[in-house]
Amino acid sequence: MIVDPEQGTVDSPLHPSQVVLLPAVPDALVRLADAGYGLVLVSNQPAAAKGKTTREDLEKVHEKVLELAQARGGLILSSHICYHRREDECTCRKPRTGLLEAAFQEHPAYARESSWMVGDSLTDIQAGQAYGLKTAMLTPHKTETMEILKQQNVMPTLWADDLEDFSKQLLKR
């Protein structure tokens with residue numbers, strides 16, 4: 001994530017040069033893949049539709065994320081990205097389930113009952129629950145976050161500080 005200095009808001013990277021991955025992510029992906037989990041990325045990326053960058057730059061950002069994430073061999077099977085804005089009301093943008101539906105259609109060997117939607121936002125957890133997946137919220141277990149989820153009648157299956165913590169918790173189960 002990056003901070004827009006003019007607006008003071010947090011946003012996703014808009015250019016490949018802004019992509020930074022938490023150091024433990026590649027190893028966490030290897031642990032999950034080695035345990036038999038199929039890794040699929042689903043993401044809302046509306047910056048081009050909002051005029052903040054180009055679609056080409058967003059695609060390059062995504063390529064950089066994949067390159068860094070898979071650096072240690074944790075293969076990401078596929079990516080499903082929604083480039084629409086919320087107001088476009090498409091079927092793919094989370095919390096709708098279109099991205100998840102596409103992922104499971106592409107990888108039918110994976111059962112929903114044993115699959116996880118792992119993310120750091122309310123819409124990630126909402127999409128996962130709406131599609132019948134177990135969910136993991138990657139954020140410190142803070143009172144404010146819990147209150148927002150409670151107001152939305154959403155509660156993740158598991159809380160983890162980050163992807164490394166999630167992979168360790170999941171593999172202990």
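Residues numbered from 1 in each chain as written. Predicted model: local features only at pLDDT ≥ 70, side-chain atom pairs only at ≥ 80, totals over all residues. Heavy atoms only, no water.

## Considering the pairing of strand 3 (residues 39-44)
Inclusion rule: Any two strands with at least two DSSP bridges between them are considered paired. The numbering of helices and of strands both runs from the N terminus, where a helix is a DSSP run of H or I of at least 4 residues and a strand a run of E of at least 2. Call a crossover right-handed when, viewed with both strands pointing away from you, the route from the first strand across the helix to the second goes clockwise.
Relative to strand 4 (residues 76-82), strand 3 is paired through six bridges, and the arrangement is parallel. Paired with V40 across the bridge in strand 4 is S78. Handedness of the crossover joining strand 3 and strand 4 through helix 2 (residues 55-69) is recorded here as right-handed.

## A few points about the packing of aromatic side chains
The criterion, for reference: Here the aromatic set is Phe, Tyr and Trp, taking the six-membered ring for Trp, and pairing holds for ring centres within 6.5 Å; pairs whose planes are under 30 degrees apart are stacked, those over 60 apart are edge-to-face, and all others are tilted. Any residue under 20% of the maximum accessible area for its type is buried, any over 50% is exposed, and the rest in between are partly exposed; the area is computed with a 1.4 Å probe on protein chains only.
One pass over the full model with this rule turns up two aromatic pairs. A ring pair is formed by F104 and Y131, whose centres lie 5.5 Å apart and whose planes are at 45°; its orientation type is tilted. In this pair, F104 sits in helix 3 (residues 98-106) while Y131 sits in the loop between helix 4 (122-130) and strand 6 (134-138), placing the two residues 27 residues apart along the sequence. Exposure class is identical for F104 and Y131. Each is buried. Measuring from ring centre to ring centre gives 5.5 Å for W116 and F166, while their planes differ by 70°; the resulting arrangement is edge-to-face. Of this pair, W116 sits in strand 5 (residues 116-119) while F166 sits in helix 6 (residues 163-172); the two residues are 50 residues apart in sequence, bridging distant segments of the chain. Here the two residues W116 and F166 agree in accessibility, since each one is buried.

## Some remarks on the side chain of T135
For the record, the criterion: It only takes one pair of heavy atoms within 4.5 Å for two residues to be counted as in contact.
Assignment of secondary structure puts T135 in strand 6. Every residue in contact with T135, bar those within four places of it in the chain, is listed here: W116, M117, I125, G128, Q129, M155, P156, T157 and L158.

## Structural notes on the sheet that holds strand 6
Worth spelling out the cut-off: Throughout, an axis means a line fitted to C-alpha atoms (over the contacting stretch in the case of helices), and angles, computed between N-to-C directions, take values from 0 to 180 degrees.
Here three strands make up an open sheet; going across it, the order is 5-6-7 and the pairing parallel. Taken across any chain shown, the strands that pair with only one partner, and hence form the sheet edges, are strand 5 and strand 7 (158-160). Recorded for the sheet is a direction-independent mean angle of 20° between the axes of neighbouring strands. Helix 6 contacts strand 5, strand 6 and strand 7 of the sheet and is inclined by roughly 135° relative to strand 7.

## Concerning the pairing of strand 5
Looking at chain direction, strand 5 and strand 6 are connected through four bridges and run parallel. Across the sheet, G119 pairs through a bridge with M137, a residue of strand 6. One crossover worth recording links strand 5 to the parallel strand 6 by way of helix 4, and it is right-handed.

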